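The primary structure of each chain is shown beneath.
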Amino acid sequence: MQVTIKRNEQQVCVPASATQEGDDEPPDPGSCLAAMPALTVPKHSGRIVRFPAHRAGILSPAARAFRKKYFPGITTKLWNDWQWQTSNRIRTLAQLEKMIVLSDAERAAFTQAATTLPLGITPYYMSLVSPDNPDQPIRRTVIPTLQETLHTAGEADDPLGEDAMSPVPGLVHRYPDRVLLLLSDFCSTYCRYCTRSRVVGHGAIHPSRNRLERAFAYIEQTPAVRDVLISGGDPLMLGEEKLAWVLSRLRQIPHVEIVRIGTKVPAVLPQRITQRLVRMLRQYHPLWMSLHFTHPDECTPEAYRACAMLADAGIPLGSQTVLLKGVNDNLDTMRALIHNLLKMRVRPYYLYQCDPITGSAHFRTPVETGLDIIRGLRGFTSGYALPTYVIDAPGGGGKIPLMPDYVVGRENDALVLRNYENKLYRYPEPCNC
Ligand SMILES: *Cc1c(COP(=O)(O)O)cnc(C)c1O
């Protein structure tokens with residue numbers, strides 16, 4: 001819709017939205033979604049997903065069928081209530097067995113050995129899990145198997161040495177200018193490859209005022225800290241009031257320039273992204289968010305809507321993806337994931353080599369697999385779609401980037417480079433004399 005304004009005898013056309021001054025309501029994500037081209041979900045799932053033009057009550061066909069089967073009395077409104085999703089998490093073997101046919105290795109994870117990380121899956125995310133294929137990527141990320149109780153060489157419970165770098169409980173200070181603040185150890189859905197499985201889900205980290213005040217005091221006394229990363233556990237599992245308190249306390253510290261929230265909510269519990277939440281969050285800019293998407297099948301209309309609302313609230317979105325064997329360790333899957341992320345206005349930020357946590361051998365790939373994927377993407381697709389491939393160095397060295405070698409060597413005064421098509425080029429370097 002266009003509005004015509006008369007100005008100096010000239011007719012100027014402006015979009016209707018630009019004339020609504022002082023409108024502090026967040027834009028209706030429904031209207032943005034309506035204008036968006038359809039999201040093509042990657043080849044291997046064979047579905048084309050279109051976005052409903054309305055913002056309330058999004059329910060994709062897979063979720064609708066799942067709800068009808070296992071939660072027949074539940075209305076769309078209740079299904080889309082994040083607190084209902086949270087309190088109806090799948091948490092026991094008995095619940096799981098009603099919904100999927102477990103393999104022997106999966107059942108054994110419950111009966112033969114205790115896994116350290118609890119089971120937790122939202123009904124929404126469970127609707128994406130294959131009921132009959134134990135090798136389905138989404139299923140592998142959330143259903144335990146006996147393999148996660150195996151301890152192989154080089155693995156540790158805290159490979160990144162986070163505990164040794166905590167000046168205050170739940171605060172990790174590894175880099176000169178930024179800190180990691182763990183708010184709580186609770187997630188709506190537990191990833192089986194969690195880098196913090198030693199603490200997550202055990203009630204070890206509480207968002208208590210007392211502990212957090214100690215963390216704020218440390219940040220206050222450390223002027224070098226200009227960036228605070230809030231993680232956990234999933235920070236967005238806290239209520240708006242508590243989160244607003246944390247964000248406002250950090251905003252009171254003059255040298256804290258930016259705050260980042262690390263969350264998997266848009267992938268596992270997109271219903272958590274409400275108007276109320278984004279209205280609160282956008283008061284604490286500059287606020288950035290690191291999301292966690294692992295596989296293109298997570299890029300549902302529900303997830304798309306959640307990301308649209310966050311992006312419309314002015315929050316720059318990045319994704320941190322873990323490279324996982326049998327989940328996303330091939331070029332086609334990774335390409336489909338990063339292309340979907342760009343459409344969701346999420347910039348692929350990091351691709352992590354899987355940390356050597358105890359019981360992670362079945363998830364870890366050789367580093368060459370990651371390098372091959374990067375080599376297969378760089379040059380063949382948008383630079384914005386390319387994450388930085390990193391290893392978080394065991395022992396607490398921080399993130400170390402890994403790159404295929406594009407510098408071949410030197411020839412007299414020229415640098416010899418290899419391009420994405422494997423062709424050689426020479427760049428004449430200026431003489432350094
Ligand atoms: C990953 C991480 C950060 C943030 O690193 P960036 O490269 O700035 O995203 C900060 N602290 C710790 C302990 C981390 O693991």
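Residues numbered from 1 in each chain as written. Predicted model: local features only at pLDDT ≥ 70, side-chain atom pairs only at ≥ 80, totals over all residues. Heavy atoms only, no water.

(A) Layout of the sheet that holds strand β16 (residues 424-428). Strand order in the open sheet made by the three strands is β14-β15-β16, with antiparallel pairing throughout. Each edge of the open sheet carries a strand with a single partner, namely β14 (407-411) and β16. In this sheet, neighbouring strand axes are inclined to one another by 25 degrees on average, regardless of whether the strands run parallel or antiparallel. Looking at chain direction, β14 and strand β15 (residues 414-418) are connected through four bridges and run antiparallel. (Pairing = 2+ DSSP bridges. Helix = DSSP H or I, 4+ residues; strand = E, 2+ residues; numbered from the N terminus. Axes fitted to C-alpha atoms, helices over the stretch in contact; angles between N-to-C directions.)

(B) Representation of the pairing of strand β10 (residues 317-323). Most of β10 sits out of view: seven of its seven residues are buried. Pairing of strand β9 (residues 287-291) with β10 involves three bridges; the strand directions are parallel. Within the sheet, the bridge partner assigned to Ser290 lies in β10 and is Gly318. Where the polypeptide runs from β10 across helix α14 (residues 331-343) and back to strand β11 (residues 346-353), its parallel neighbour, the crossover connection is right-handed. (Buried < 20%, exposed > 50% of the residue type's maximum accessible area, 1.4 Å probe, protein only. Right-handed = clockwise from strand over helix to strand, strands pointing away.)

(C) How the structure looks around the sheet that holds strand β13 (residues 398-402). Spatial ordering of the open sheet is given by β5-β6-β7-β8-β9-β10-β11-β12-β13, a layout of nine strands whose pairing is mixed. Two strands bound the open sheet, and with one partner strand each, they are β5 (171-175) and β13. Across the sheet, the axes of successive neighbouring strands diverge by a mean angle of 30 degrees, strand direction being ignored.

(D) Representation of the pattern of salt bridges within the structure. The tally for this structure, following the rule as stated, stands at 25 salt bridges. Of the charged contacts, one joins Glu162 and Arg196 as a salt bridge, the two residues approaching to 2.8 Å between their closest N and O atoms. You can see Glu162 sitting in the loop between α8 (137-142) and β5 and its partner Arg196 sitting in the loop between β6 (178-182) and α9 (209-220), a full 34 residues away along the chain. With its nearest N and O atoms 2.7 Å apart, the salt bridge here joins Arg375 to Asp372. (Salt bridge = Lys/Arg side-chain N within 4 Å of Asp/Glu carboxyl O.)

(E) Spatial organisation of the confidence of the model for the protein chain. On average, the protein chain scores 88 in pLDDT, and the residues at 70 or more come to 87%. The model gives residues 39-54 a pLDDT under 50, and that stretch makes 38 contacts with residues more than four places away or in other chains. (pLDDT = per-residue confidence, 0-100. Contact = heavy atoms within 4.5 Å.)

(F) The arrangement of the packing of α9 against helix α10 (residues 240-251) in detail. Axis separation between α9 and α10 bottoms out at 10 Å; the angle between their running directions is 20 degrees. In terms of orientation, α9 lies roughly parallel with respect to α10. Crossing handedness for the pair α9 and α10: right-handed. Counting all contacts with α9, which are made through Arg209, Leu212, Glu213, Phe216, Ile219 and Glu220, the residues of α10 involved are Lys242, Trp245, Val246, Arg249 and Leu250. A breakdown of the residues in the contact of α9 with α10 according to their chemical character gives six nonpolar, no polar and five charged. (Parallel < 35°, antiparallel > 145°, perpendicular 65-115°, else oblique. Left-handed = near helix turned anticlockwise from the far one by under 90°. Nonpolar A, V, L, I, M, F, W, Y, C, P; charged D, E, K, R; others polar.)

(G) Fine view of the packing of α14 against helix α15 (residues 367-377). The interhelical angle for the contact between α14 and α15, taken along N-to-C directions, is 60 degrees, at an axis separation of 10 Å. As far as their axial angle goes, α15 and α14 are oblique. Of the two elements, α14 crosses α15, and the hand of that crossing is right-handed. Mapping the contact onto sequence places Leu331, Met334, Arg335 and Ile338 in α14 and Ile373, Gly376 and Leu377 in α15. The residue inventory of the contact of α14 with α15, partitioned by class, reads five nonpolar, one polar and one charged.

(H) Expanded view of the site of the ligand. Neighbouring the ligand are the residues Val172, Arg174, Tyr175, Arg178, Leu180, Leu229, Arg260, Tyr349, Tyr350, Asp392 and Lys399. Contact distances for the ligand include 2.6 Å between an oxygen atom and a side-chain N or O atom of Tyr349. Taking Lys399, its side chain carries an N or O atom lying 3.1 Å from an oxygen atom of the ligand. Protein contacts shield 91% of the accessible area of the ligand, which totals 390 Å² for the unbound molecule. (Near = heavy atom within 4 Å. Polar contact = N/O pair within 3.5 Å; in protein donor to acceptor, adjacent residues only side chain to side chain. Areas by Shrake-Rupley, 256 points an atom, 1.4 Å probe, with all protein chains shown as cover.)

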